Amino acid sequence: MVNRFVRDGVFVRANGTVLVASCAPSTWHQAAMIAALSPGCTAISHGAAARLHGLDGFARHEPVNVLARKGAWPKVRPPAIAHFTRGLTPADVTIVDSIPVLTVASTL
């Protein structure tokens, strides 16, 4: 059924596992959610996390930075950029606008 919806243009495959309604406008928040849901990704990070938290100077940060655990092979597409870490804990991740993102403390 999903393949039929993709074929008929109801949904678009944003990556291998994430589907987007074709009627939904493309936004930076949509790109952030797609990147966060991509296999191998843990959370939005770096400047993109600062933008989601509303920190000064990051309102126009365009790249969508994602953090993955060392050894993961995240499947992200531009404008997403993958970064890797060995020291991420569940306490370092929070939810902003339904998107998993590093906490402000971890972002800074």
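Residues numbered from 1 in each chain as written. Predicted model: local features only at pLDDT ≥ 70, side-chain atom pairs only at ≥ 80, totals over all residues. Heavy atoms only, no water.

A. Layout of the confidence of the model for the protein chain. Of the residues in the protein chain, 100% reach a pLDDT of 70 or more, and the chain-wide mean stands at 92. Averaged pLDDT values for the elements of the protein chain fall to 91 in strand β1 (residues 11-13) and rise to 98 in helix α3 (residues 46-53). (pLDDT = per-residue confidence, 0-100. Helix = DSSP H or I, 4+ residues; strand = E, 2+ residues; numbered from the N terminus.)

B. Main features of the pattern of salt bridges. Within the structure shown, the criterion is met by 2 salt bridges. With a shortest N-O distance of 3.7 Å, Asp8 and Arg7 are connected by a salt bridge. Here Asp8 falls in the partly exposed class, since its relative accessible area comes to 49%. When the shortest N-O distance is used, the salt bridge between Arg51 and Glu62 registers 3.7 Å. (Salt bridge = Lys/Arg side-chain N within 4 Å of Asp/Glu carboxyl O. Buried < 20%, exposed > 50% of the residue type's maximum accessible area, 1.4 Å probe, protein only.)

C. Expanded view of the pairing of strand β6 (residues 93-96). Of the pairings in the sheet, the one linking β6 to strand β7 (residues 99-102) comprises 4 bridges and is antiparallel in character. By the bridge assignment for β7, Thr94 is matched with Val101. Hairpin connection, β6 to β7: the antiparallel pair is bridged by 2 residues, and Asp97 has positive phi, about 55°. (Pairing = 2+ DSSP bridges.)

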